[in-house]
Amino acid sequence: MIHPLNPAMAATDPPPVMEARRWLQGVTFPPERPLINISQAAPVESPPLGLRQALAEAALNNPDAHLYGPVLGLPALRAEVAKQWSAAYGGSVLESQTAITQGCNQAFCAVMSTLAGKDDEVILPTPWYFNHKMWLDMQGVKCVPLAAGPGLIPEAEAAQRLITPRTRAIVLVSPNNPGGVEYPAETLSAFRDLARANGIALIVDETYRDFDSRTGRPHDLFLDPDWHDTLIQLYSFSKAYRLTGHRVGAVTASAERLFQIEKFLDTVAICPSQLGQIGALWGMQNLSQWVAGERAEILARRAAVVSGFSALPDWKLLGCGAYFAYVEHPYPLASDALCKRLVSEAGLLMLPGTMFQPEGSASGKRQIRIAFANVDQAGIAETFRRLAGFKG
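Each chain carries its own residue numbering, running from 1 in the direction its sequence is written. Residues qualify for local features only when their pLDDT is at least 70, as the model is predicted, and side-chain atom pairs are given and counted only at 80 or more; totals for whole chains, interfaces and linings, by contrast, use all residues. Excluding hydrogens and water, the side-chain values take into account all heavy atoms of the structure.

Named according to an unreviewed UniProt entry, the chain is aspartate transaminase originating from Cypionkella sinensis. UniProt positions are given in the numbering used here, feature names are shortened, and annotations may be inferred rather than shown by experiment. For the chain, the Catalytic activity (unreviewed entry) comment in UniProt is given as "L-aspartate + 2-oxoglutarate = oxaloacetate + L-glutamate". Of the comments in the UniProt record for the chain, the one headed Cofactor (unreviewed entry) reads "pyridoxal 5'-phosphate".

Rendered as structure tokens:
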């Protein structure tokens, strides 16, 4: 007997990174032209030695590391997030306004479960982060696309025209995935004001905040003493501390919102990974200089990518920052077909813009995301050599 599928789940697109990996099946890469995988935005190297030693010490000698913990996360880690966020953003964040999750994707799902249900609406700027779109699709929540303005920066005035009585939230990602761009502080403030005026939530995903090229705080949202009535911030420890497999993220929101989020988290995972939280706390307390070095390396790679595209005049660099370059290709075929050809003909694995735009989007067919965080300077140079040699 074939059991029926949830229609919303069945209609949701498959995970793009997994889909792209399937393009590698049956393809051989000669030794002189190995695969350059620039499809996924996740560190592939292990955490630094000190952090690994802290994990090992906890695994061997801390019995609590193997037990259930508080649903909203270890108090020490929540307190550290509150302290560091208050210092970094210049506002006031309390431990009771933070929670730890099994990665930032779970943070998004948990938050959205408190905000929107079937037939509600959420505004997502395009190009959007596909996992955000996938979760909303699975829940029957309507994704309302907001086309980004010049420089891939969304505009609050344009978003105002999309708000209806069913709108529950606006989601912003800065530095952006997939576009790489860093939203100006005034853009985020304008969206905060728009959300507050309409009684909806503003969700700001700052997964890549540690690789922002700007100095000082990236926005003033936490300076508002009433920030928690509108703002919900998301964060991931995966990128800064290479803790991807340990699944540790964070939500900063009102204590009342976290009380509701606790219901979701308790039914899904009971608690975040204890070892992952121990690693994240150790990283926050001991790795600020190391993270600064990681940021400097990412910024150097960003500069190399910008320079590389200046030598490819037929390509257009739409945005670049954090882990990503978002580009417009010069070929007549759609980006999904092009990216499949680039695997076999150039040994390059990238994600097409069709994975970041609404179905049928003409823009998506011309766009490609390049995740360069795991490619060193030589690899970036080789990537551009192959793109220059590709005949389309």
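**Details of the UniProt feature "domain: Aminotransferase class I/classII large" (unreviewed entry) in the chain**
The positions that UniProt labels "domain: Aminotransferase class I/classII large" (unreviewed entry) are, in the present scheme, residues 49-386. The helix and strand labels rest on DSSP assignments: H or I over at least four residues marks a helix, E over at least two residues marks a strand, and numbering proceeds from the N terminus. The annotated region residues 49-386 carries 44% helix and 17% strand content, and the separation between its end C-alpha atoms amounts to 35 Å.

**Considering the pattern of salt bridges**
One side chain can pair with another of opposite charge once the charged atoms of both are near each other. Salt bridge, as used here: a side-chain nitrogen of Lys or Arg that lies within 4 Å of a carboxyl oxygen of Asp or Glu. A full pass over the atoms with the stated rule returns 21 salt bridges. A salt bridge links arginine 217 to aspartate 220; the shortest N-O distance between them is 2.7 Å. With a shortest N-O distance of 2.7 Å, arginine 301 and glutamate 297 are connected by a salt bridge. Of this pair, arginine 301 and glutamate 297 are both found in helix H12 (residues 288-310), four residues apart, which corresponds to roughly one turn of the helix. For glutamate 297, a relative accessible area of 33% translates into the label partly exposed. Salt bridges sharing common partners tie together Arg192, Asp193, Arg196, Asp224 and Asp229. Here the term buried applies to any residue with accessible area under 20% of the maximum for its type, exposed to any over 50%, and partly exposed to those in between, with areas from a 1.4 Å probe on protein chains only.

**Observations regarding the pairing of strand E10 (residues 324-328)**
Counted residue by residue, E10 has four buried out of five residues, so it is predominantly covered. One bridge is not enough; two strands pair if DSSP finds at least two bridges between them. Bridge analysis of strand E9 (residues 316-321) against E10 gives five bridges, and the strand direction is antiparallel. In the sheet register, glycine 319 faces E10, and the bridge partner there is tyrosine 326. The antiparallel hairpin formed by E9 and E10 contains two residues in its connecting segment, where alanine 322 sits at a positive phi of about 50°.

**Focus: the packing of aromatic side chains**
In this analysis, rings of Phe, Tyr and Trp, with Trp reduced to its six-membered ring, are considered paired at centre separations within 6.5 Å, and the interplanar angle assigns stacked below 30 degrees, edge-to-face beyond 60, and tilted for intermediate values. Scanning the model with the defined rule gives 18 aromatic pairs in all. For the pair tyrosine 235 and phenylalanine 237, a centre-to-centre distance of 5.1 Å together with 80° between the ring planes defines the contact as edge-to-face. For the pair tyrosine 235 and phenylalanine 237, one class covers both residues: buried. Judged by centre distance (6.2 Å) and plane angle (90°), the ring pair of tyrosine 326 and phenylalanine 356 falls under edge-to-face. With tyrosine 326 in strand E10 and phenylalanine 356 in the loop between strand E12 (351-352) and helix H14 (362-366), this residue pair connects regions lying 30 residues apart in the sequence. Taken together through their ring pairs, the aromatic side chains of Trp85, Tyr89, Phe222, Trp227, Tyr235, Phe237 and Tyr241 make up a single cluster. Working rule: Lys NZ or Arg CZ, within 6 Å of ring centre, within 35 degrees of ring normal, means a charge sits over the ring. Between arginine 209 and the ring centre of tryptophan 85, over which it is positioned, the NZ or CZ distance is 4.3 Å. Its end group placed over the ring of tyrosine 235, arginine 209 keeps NZ or CZ at 5.7 Å from the ring centre.

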